[in-house]
Amino acid sequence: MKFDIITIFPEIFNSYLNESILKRAIEKKIIEVKVYNLRDFTTDKHRTVDDYPYGGGAGMVMKPEPFFKAIETIKADGVPRRTIMLSPQGKVFNQDVAFSMSKENHDLLFICGRYEAIDERVRECLVDEEISIGDYILTGGELPALVIIDSIARLIPGVLGDERSKEEESFTWGILDYPHYTRPPEFRGLRVPDVLLSGNHKDILLWRRKEALRRTILRRPDLIEKGSLTDEDYKLISEIREEKDESY
Ligand code: 4GO
């Protein structure tokens, strides 16, 4: 899968993509990332990418012409791409969106804006989908593009070293994660729960599911209502509720 990015700050992407899992995915040619500097598609001496807003108001607006030139140049190879603009006005990104994008398997082109906004005609003519990574405002679309690339890439087969961790993840997907522990078994008087040291795989699975449900009830009850829980889960939930009553 290929990711193209248009930005006025191409250097932002180097350090993140040159570490660890994404670096290896690029080396293994499972994913490819190409970063384009928007200023390379300007025609004036000062490589201008912004201008004053029509109608007045604070901040600058990104000019349409460099985006049109950049996207036309990038798309000249004839390879179909989905063009995505990052903005707080977009559809909110989540794991379901990441999953379907990783499955659809078409190459993606990200348009990263800066300043106040991008000229509306870019969205009108060039953008297939506007995406937001959450209800907050950032100084640019670069971090959202990295967030989206990261979450899609790790779902592509071969990117994570251990494919089992994705399988386990899909089992618990929809509710929060259970608590994790590693050695030592006791640290500053804090003990790892005995069941995790017991070697009893069935008991461990059950404990993890119950603790995941406990956290979800406490921190994200909205996910319990949305989630597709099993009869076993509801049994665990009533156990959790009884434990809570006892602690009063
Ligand atoms: C995306 C872009 C927030 C998001 C952005 C987000 N802020 N929530 N800022 O995904 C145009 C100029 C938008 C700065 C950009």
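Numbers given for residues are sequential positions, taken from 1 along each chain in its written order. Note on the predicted model: pLDDT of at least 70 is required for a residue's local features to be given, and 80 or more for side-chain atom pairs to be given and counted; whole-chain, interface and lining totals, by contrast, use all residues. In computing side-chain properties, one takes all heavy atoms of the structure into account and sets aside hydrogens as well as water.

Now for the nonpolar core. Ranked by size, the top nonpolar core spans 30 residues in total, and within it F3, I31, F93, F110, I148 and I152 carry the most contacts. Elements with a minimum of two residues in this core: β1 (2-7), α1 (11-17), α2 (20-27), β5 (81-92), α4 (95-104), β6 (107-111) and α6 (142-153). Looking at which element gives the most residues to this core, the answer is α6, with six residues. By definition in these notes, contact holds between two residues if any of their heavy atoms fall within 4.5 Å. Ignoring any residue separated from it by four or fewer positions in sequence, one finds F110 in contact with F3, D4, I5, I6, I84, L86, A145, I148 and I149. Only buried residues count toward a nonpolar core. Its members are Ala, Val, Leu, Ile, Met, Phe, Trp, Tyr and Cys residues joined through side-chain atoms within 4.5 Å. Under the scheme applied here, a residue whose accessible area is under 20% of the maximum for its type counts as buried, over 50% as exposed, and between as partly exposed, the area being computed with a 1.4 Å probe on protein chains only. In this structure, I6, F41, F67 and I111 belong to the second largest nonpolar core, which totals 18 residues. Secondary structure elements are taken from DSSP: a helix is a run of H or I of four residues or more, a strand is a run of E of two residues or more, and numbering for both begins at the N terminus.

By convention here, the domain bounds are inherited from an automatic or database domain assignment. For the protein chain, the assigned domains read domain 1 (2-153) and domain 2 (168-246). The distance between the C-alpha centroids of domain 1 and domain 2 comes to 38 Å.

Glancing now at the packing of aromatic side chains. Stacked, tilted and edge-to-face are the three classes assigned to paired rings of Phe, Tyr and Trp, where Trp is represented by its six-membered ring and a pair needs centres within 6.5 Å; plane angles under 30 degrees give stacked, over 60 edge-to-face, the rest tilted. Taken as a whole and assessed by the stated rule, the structure comprises two aromatic pairs. Where F3 meets F110, the ring centres are 6.4 Å apart and the plane angle is 25°; that geometry is what we call stacked. Of this pair, F3 sits in strand β1 while F110 is found in strand β6, placing the two residues 107 residues apart along the sequence. Accessibility expressed as a relative area gives 0% for F3, which makes it buried. Relative to F41, the ring of Y36 has its centre 6.4 Å away and its plane inclined at 55°; by these criteria the two rings are tilted. Judged on exposure class, the residue Y36 and its partner F41 are both buried.

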